[in-house]
Amino acid sequence: DAKTTQPNSMESNEEEPVHLPCNHSTISGTDYIHWYRQLPSQGPEYVIHGLTSNVNNRMASLAIAEDRKSSTLILHRATLRDAAVYYCIGGTSGTYKYIFGTGTRLKVLA
Amino acid sequence: GAGVSQSPRYKVAKRGQDVALRCDPISGHVSLFWYQQALGQGPEFLTYFQNEAQLDKSGLPSDRFFAERPEGSVSTLKIQRTQQEDSAVYLCASSLKMGFNEKLFFGSGTQLSVL
């Protein structure tokens, strides 16, 4: 299974950008990189995903390293509602398992 | 509603009881996944279906755990002879198609407490 490594926790000030890193050195060439976030007492929520090039949507941006061994989720202006656990997920070749790690707990300071 | 629905929201069972957890995926979604989330941990994969076919059940922790999706829509996760270590939130997710380019849509989960 593709293993991902993320910092346990990060802090950000409100209205400032946040860069959440993820290492996925064992990911295969055809596996997408996904990011989900989970607020307390809720199921995970899709944030963004990509394969090789950088991706943008209304929630965030995803910057994928050229060698695909790492990626960074970028929240352009953190709000208090962005406080959550963020999970980076790499694919598992031959199956469609989405393997979650322990995630990064993001704290946003007012 | 248009989202993934799970019931019950909370379930308390005495050790040794059997429980059944239900998941209603988004209508038309082909793929369905079950995850187990212990307190303070990330979701752990249990099993997934493509329509009614269970394609991977490698994450089921023991033969006490059984999942089915007989008509390719609603799914049930059954746990027999519950143990205290089964206490967790059980999450269901669905996606429109099978493939790692698909978004997963999660329900709010069933919190199971085994006393």
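Described in the following lines is the structure provided in the data block. For every chain, the first residue of the written sequence is number 1, and numbering continues from 1 along that sequence. To label them, take the chains in the order written and letter them from A, then take the ligands in the order written and number them from 1. Thresholds applied to this predicted model are a pLDDT of at least 70 for local features of residues and 80 or more for the giving and counting of side-chain atom pairs; totals over whole chains, interfaces and linings are not thresholded and use all residues. Note that water and hydrogens are dropped before the side-chain values are worked out from all heavy atoms of the structure.

Considerations on the sheet that holds strand E7 (residues 70–75) of chain A
Remark on secondary structure: sheet strands pair via backbone hydrogen bonds, oriented parallel or antiparallel.
All names here are of chain A.
Thought 1: An order of E2-E7-E6-E5 is seen for the 4 strands of this open sheet, with the pairing classed as antiparallel. Strands with a single pairing partner mark the edges of an open sheet, and in this sheet they are strand E2 (18–23) and strand E5 (55–56).
Thought 2: With 2 bridges connecting them, E5 and strand E6 (residues 61–64) associate as antiparallel partners. Bridge pairing in E6 links Val 55 to Leu 62. DSSP bridges decide pairing: two strands pair if at least two such bridges lie between them. Secondary structure counts use DSSP, requiring at least four H or I residues in a row for a helix and at least two E residues in a row for a strand, with both numbered from the N terminus.

Here's the deal with the interface of chain A and chain B
Interface size is commonly expressed as the accessible area that is lost once the parts come together.
Thought 1: We call two residues in contact when some of their heavy atoms are within 4.5 Å. Taken together, the contact between chain A and chain B spans 21 residues of the former and 22 residues of the latter.
Thought 2: Note on definitions: buried area is the accessible-area loss of two parts on being combined, 1.4 Å probe, summed for both. Summed over both sides, the interface of chain A with chain B buries roughly 1,900 Å², with 61% coming from carbon and sulfur.
Thought 3: The salt bridge definition used is simple: a Lys or Arg side-chain nitrogen within 4 Å of an Asp or Glu carboxyl oxygen. The tally of links from chain A across to chain B stands at 0 salt bridges.
Thought 4: For the side of chain A that touches chain B, the secondary structure elements donating two or more residues are strand E3 (33–38), strand E4 (45–50) and strand E8 (84–90) of chain A.
Thought 5: Polarity classes work like this: nonpolar for Ala, Val, Leu, Ile, Met, Phe, Trp, Tyr, Cys and Pro, charged for Asp, Glu, Lys and Arg, and polar for all others, with Gly in that last group. Residues that form the side of chain A that touches chain B fall into these classes: 10 nonpolar, 10 polar and 1 charged.

Brief notes about the packing of aromatic side chains
For any pair of aromatic rings, geometry is given as the distance between the ring centres together with the angle between the planes.
Thought 1: Whether two aromatic rings pair depends on their centres lying within 6.5 Å, for rings of Phe, Tyr and Trp, where Trp uses its six-membered ring; planes under 30 degrees apart make the pair stacked, over 60 edge-to-face, and the rest tilted. Throughout the structure, instances matching the rule amount to 13 aromatic pairs over all chains.
Thought 2: Their ring planes at 50° and their centres at 5.8 Å tell us that Tyr 35 of chain B and Phe 106 of chain B sit as a pair that is tilted. Taken as a pair, Tyr 35 of chain B in strand E4 (residues 31–37) and Phe 106 of chain B in strand E10 (residues 105–106) lie far apart in primary sequence, 71 residues in all. Accessibility classification places Tyr 35 of chain B together with Phe 106 of chain B in one group, the buried group.
Thought 3: One aromatic cluster is present, formed by Tyr 36, Tyr 46, Tyr 87, Tyr 98 and Phe 100 of chain A together with Phe 33, Tyr 35, Phe 45, Tyr 48, Phe 100 and Phe 106 of chain B through successive ring pairs.
Thought 4: Either the NZ atom of lysine or the CZ atom of arginine qualifies as a charge over a ring when it sits within 6 Å of the ring centre and within 35 degrees of the ring normal. The ring of Tyr 10 of chain B has Arg 9 of chain B sitting right over it, with the charged end atom 5.3 Å from the ring centre. Relative accessibility under 20% of the residue-type maximum defines a buried residue, over 50% an exposed one, and the middle range a partly exposed one, all with a 1.4 Å probe and only protein chains included.

Digging into the pairing of strand E9 (residues 104–109) of chain A
Residue and element names in this part refer to chain A.
Thought 1: The alternating pattern of E9 places Thr 104, Leu 106 and Val 108 on a buried face and Arg 105, Lys 107 and Leu 109 on a face that is not buried.
Thought 2: Here 5 bridges tie strand E1 (residues 9–13) to E9, and the two strands are oriented parallel to one another. Along E9, the bridge assignment pairs Glu 11 with Lys 107.
Thought 3: Relative to E9, E8 is paired through 3 bridges, and the arrangement is antiparallel. Counterpart to Tyr 86 in the pairing with E9 is Thr 104.

Focus: the side chain of Lys 97 of chain A
Thought 1: Take Lys 97 of chain A: it is sitting in the loop between E8 and E9.
Thought 2: Looking at Lys 97 of chain A, the relative accessible area reads 11%, which means it is buried.
Thought 3: Any pair of N or O atoms that falls within 3.5 Å is considered a polar contact. Within protein, one atom must be able to donate a hydrogen and the other to accept it, and sequence-neighbouring residues count only if both atoms are side-chain atoms. A polar side-chain atom of Lys 97 of chain A sits 3.0 Å from a polar atom in the side chain of Ser 58 of chain B.

What to know about the state of the cysteines
Residues and elements named next belong to chain A.
Thought 1: Cysteine sulfur atoms are paired as a disulfide whenever they come within 2.5 Å of each other. Scanning all chains against the criterion turns up 2 disulfides over all chains.
Thought 2: At a sulfur-sulfur separation of 2.1 Å, the disulfide partner of Cys 22 is Cys 88. Of note, the bridge from Cys 22 to Cys 88 carries an S-S torsion of about -75° and is left-handed in sense. Taken together, the residues span a long stretch of sequence, with Cys 22 in strand E2 and Cys 88 in strand E8 at a distance of 66 residues. Here Cys 22 and Cys 88 have matching classes, each one buried.

Function cannot be inferred from these measures alone, as they are strictly geometric.
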